[in-house]
Amino acid sequence: MPMGGNDMQSPFDTDLHLPFPILIGDIGGTNARFAILKDAYGDPRPFPIVQTADFPTIEDAIQRTVLDKTSIQPRSTILAIAGPINGDDIPLTNCPWVVRPRQMIADLNMSDVLVINDFEAQGLAVGSLADEHREPIGSATGETLASRVVLGPGTGLGVAGLVHAQHKWLPVPGEGGHIDVGPRTPRDYAIWPFLTPVNDPGAAIGRISAEELLSGRGVMNIYRAVCGAEGQPELFTQPAEVTSAGLAGTNAIAAETLSLFTTYLGRVAGDLALVFMAKGGVYLAGGISQKIVPALKKPEFRTAFEDKAPHSALMRAIPTYVVTHPLAALAGLAAYAQTPARFGLETEGRHWRG
């Protein structure tokens, strides 16, 4: 069974000092990013981004793209993965790789493997980001050490909280991207019938989840719904085409799609801010957020974010940011690896030792 430093280890181990050098990895459905931390003081050394489809296993990818390219032999590894962590075989949600920590320890000659959720790593990052790696949206400023939320529209919608308590940051992963979102305005009611509900097998009535609106496919879902409501043909087939045309103002339906996307993102971000009382701010991660910063700086996002009566005054004081660090998850893993005492990271069932 996975274990930490000893049989009496607390599930929130704030004194887990993994041996250096440490291999850190951010493993998504399409891309994997790796870096090596040589010691507790230097910056991580990143390696070229890996396409997961190009390698049959994660061990093969690490060997060929990291270990074969450096003389540094990592003694331990921390991996952030897009998938649930349960047992010794950990499949990724949108990738055929399976993370097998015991096999990695044996095959790659490591002493420790720690596996966490990918948005926990994003949470670790927003607990340690410098100002130059976050772009403010709106003029609100918050309490620096207050709790925070990170959400990232991408392939799906990742969500994590970052609670600040007892002088530590505690990342709280979850499946917040699958909360319900319902229509509110007359325009919402006009386009909602053209959205496809999510159904469990055998369920009579489906629902619209946040991820069905706030992701790459969510951009297309909104675009198709607006086309349907307007009785117009669909001219675009890719999210990037819609957002590019929306930002440029060259297509009215694309522009409305982007406006609705930022509105719905503001609503969901505001709801999550209330759940976590995130006075330290809400952070928008992922590639989509970085690409649509001009749209997010228009009034729609903050208006929707703040429109939470009877708590609108509270919401106006909560800052919102776009995370601009190109390797934010790796930065979060590095911050934890070098200063674990700053974080209350759950390690029970997720730490394997050789």
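Owing to the predicted nature of the structure, the values given are computational and were not obtained by experimental measurement.

Looking only at helices and strands, one finds 12 helices and 15 strands in the protein. Its C-alpha radius of gyration of 21 Å places the protein within 12% of the 20 Å reference for a compact globule of 354 residues. Dimensions of the protein along its principal axes, counting C-alpha atoms only, are 60 × 45 × 40 Å. A fraction of 70% describes how many contacts in the protein between residues 6 or more apart in sequence connect residues 24 or more apart. Approximately 15800 Å² of the protein is accessible, and the part contributed by carbon and sulfur atoms is 53%.

This brings us to the environment of G123. By the secondary structure assignment, G123 is in helix α3 (residues 118-126). With a relative accessible area of 1%, G123 lands in the buried category. Considered as a pair, G123 and A278 are 155 residues apart in the sequence and their alpha carbons are 13 Å apart. Sequence-distant contacts of G123, defined by excluding residues within four places in its chain, comprise V150 and L162.

For the structure on display, the rule yields 17 salt bridges. Between D180 and R207 there is a salt bridge whose closest N-O contact spans 2.4 Å. One end of the pair, D180, is in the loop between β12 (168-173) and α4 (186-191); the other, R207, is in the loop between α4 and α5 (216-230), with 27 residues separating them in the sequence. Beyond isolated ion pairs, a larger network of salt bridges with shared partners links R187, E230 and E256.

A separate point is the nonpolar core. Core analysis: the biggest nonpolar cluster contains 47 residues, and L151, L213 and V282 have the highest contact counts within it. When contributions to this core are tallied by element, the ones reaching two or more residues are β10 (148-153), β11 (157-165), α5, α6 (239-248), α7 (252-276), β13 (282-284), α9 (293-296) and α10 (299-306). The element best represented in this core is α7, accounting for 11 residues. Setting aside residues up to four positions removed in sequence, L213 forms contacts with V181, W192, L195, I208, G218, V219, I222, F261 and Y264.

Thresholds applied
- Residues numbered from 1 in each chain as written.
- Predicted model: local features only at pLDDT ≥ 70, side-chain atom pairs only at ≥ 80, totals over all residues.
- Heavy atoms only, no water.
- Helix = DSSP H or I, 4+ residues; strand = E, 2+ residues; numbered from the N terminus.
- Rg over C-alpha atoms; globule rule 2.2 N^0.38 Å.
- Contact = heavy atoms within 4.5 Å.
- Areas by Shrake-Rupley, 256 points an atom, 1.4 Å probe, with all protein chains shown as cover.
- Buried < 20%, exposed > 50% of the residue type's maximum accessible area, 1.4 Å probe, protein only.
- Salt bridge = Lys/Arg side-chain N within 4 Å of Asp/Glu carboxyl O.
- Core = buried A, V, L, I, M, F, W, Y, C linked by side-chain atoms within 4.5 Å.

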